[in-house]
Amino acid sequence: MDTFEHESIYFRTDKASGLKAIIAIHSTRLGPALGGCRMRPYASAEEALEDALRLSRGMTFKAAAADLPLGGGKAVIIGDPARDKTPALLHAFGRMVQELGGRYITAEDVGTTVADMEHIRAEAPLYVVGIAEADGGSGDPSPVTATGVLHAIDACLDFTTGKTSLAGKRIAIQGVGKVGMSLAELLFSRGADLVVCDVVPERARIAAKRFLAEVASPEEIFGVPADIFCPCSLGGALNDETIPQIRAPIVCGAANNQLLDEERHGWMLMERGIVYVPDYVANAGGLISVYREIEKSSVSDRLTQLRVIGIGRTVRTVLEMARAEGIPTHQAAHRLVSERLEKGIDIS
């Protein structure tokens, strides 16, 4: 735990509802800690804690990379969302959020939905974002996250080839959940040829039908010959076993914490000549989207669009810094984020 340098970690159990939850606040240096609520059947409390720590740290970096006045936090609920999630459990979690008095703001994540946020908001009305558009919220952030990743991919192509055309490019997408499916749609509309996989075979079949995509198994996807590899599943996908298999010159996707060991695997990608976009730079679109709900009076839809477009400029800055200094892109991104954390955020 000392490695992550978090400000606060909160644990909560509620016997009546079955809630077992952790909220990790990594930093409030730039503003309240915002991060989604993830629900998974973790094998142990230790595994859930590690996920919360890694994800909340990533949210700090993501907010800073996107020039948003937000800190980083994350919540995890231990349980199977298909079996254990109930309104009572979500209300209990909402009370936990409310008790923190605004230090942490929650949103949907893996295993939770926009509809779930309504139950949580009933207990913490000021500290939930990503609510339905019909209720004045920004709705599902997944499409905006995918749009940000698309801008990141464009920046990579421009950096490596001087062109941004996706026509005829072969792109492998690992995971076609909400964000991966939205990204597949955007890439297909730009003329890309897709290869997809998912641990839920039906999702891969749907993507194959909608986007004329090839289907690979989750084990095969890393070795698919492609122009771009997009990790859009759970974290840790880039590791000692998978990096040697990658047959794409660019890795840019939506998953959080893609490097199992950030330093070791960042260097491995560089040594293989693979251009890697740090996940918290590429996937900041969803955070930018839900930020509208926090500062409704000062953030317009147009400003939100410009910030999402700005993801591409940030990617270009990171890639150029890494090339100029001969360092991996994760180190360049850390340096950029550290500078922004040090000076604060100017949103005037």
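Residues numbered from 1 in each chain as written. Predicted model: local features only at pLDDT ≥ 70, side-chain atom pairs only at ≥ 80, totals over all residues. Heavy atoms only, no water.

Caption draft 1: Molecular detail of the nonpolar core. Within the largest apolar cluster, 67 residues are counted, with the highest numbers of intra-cluster contacts made by Ile153, Leu166, Ile171, Ile173, Leu187, Leu194 and Val315. For this core, the leading source of residues is helix H4 (residues 142-161), giving 9 residues. (Core = buried A, V, L, I, M, F, W, Y, C linked by side-chain atoms within 4.5 Å. Buried < 20%, exposed > 50% of the residue type's maximum accessible area, 1.4 Å probe, protein only. Helix = DSSP H or I, 4+ residues; strand = E, 2+ residues; numbered from the N terminus.)

Caption draft 2: Inspection of the pattern of salt bridges at higher detail. Per the stated rule, a full pass over the model turns up 23 salt bridges. Glu99 is the partner of Arg12 in a salt bridge, and the nearest nitrogen-oxygen pair spans 2.5 Å. Separated by 87 residues along the polypeptide, Arg12 in strand E1 (residues 8-14) and Glu99 in helix H2 (residues 87-99) bring together distant segments of the chain. Residue class for Arg12 comes out partly exposed when judged on its relative accessible area of 26%. The network of salt bridges with shared partners includes Arg38, Arg40, Asp51, Lys74 and Asp109. (Salt bridge = Lys/Arg side-chain N within 4 Å of Asp/Glu carboxyl O.)

Caption draft 3: Examining the pairing of strand E7 (residues 170-174) more closely. Most of E7 sits inside the fold, with 4 of its 5 residues counted as buried. Relative to strand E8 (residues 193-197), E7 is paired through 5 bridges, and the arrangement is parallel. Each bridged residue has a counterpart across the sheet, and for Ile171 the counterpart in E8 is Leu194. In this view, the connection linking E7 to its parallel neighbour E8 by way of helix H5 (residues 178-189) has right-handed handedness. As judged from the 4 bridges shared by E7 and strand E10 (residues 228-231), these two strands associate in the parallel manner. Among the inter-strand pairings, Ala172 is bridged to a residue of E10, identified as Phe229. (Pairing = 2+ DSSP bridges. Right-handed = clockwise from strand over helix to strand, strands pointing away.)

Caption draft 4: Representation of the sheet that holds E7 within the structure. Strand order in the open sheet made by the 6 strands is E9-E8-E7-E10-E11-E12, with parallel pairing throughout. On the outer flanks of this sheet lie strand E9 (214-215) and strand E12 (275-276), each paired with one strand and no other. Seen against the sheet, H5 touches E7, E8 and E10 and runs at an angle of roughly 170 degrees to E7. (Contact = heavy atoms within 4.5 Å. Axes fitted to C-alpha atoms, helices over the stretch in contact; angles between N-to-C directions.)

Bear in mind that shape data such as this cannot, by itself, settle questions of function.
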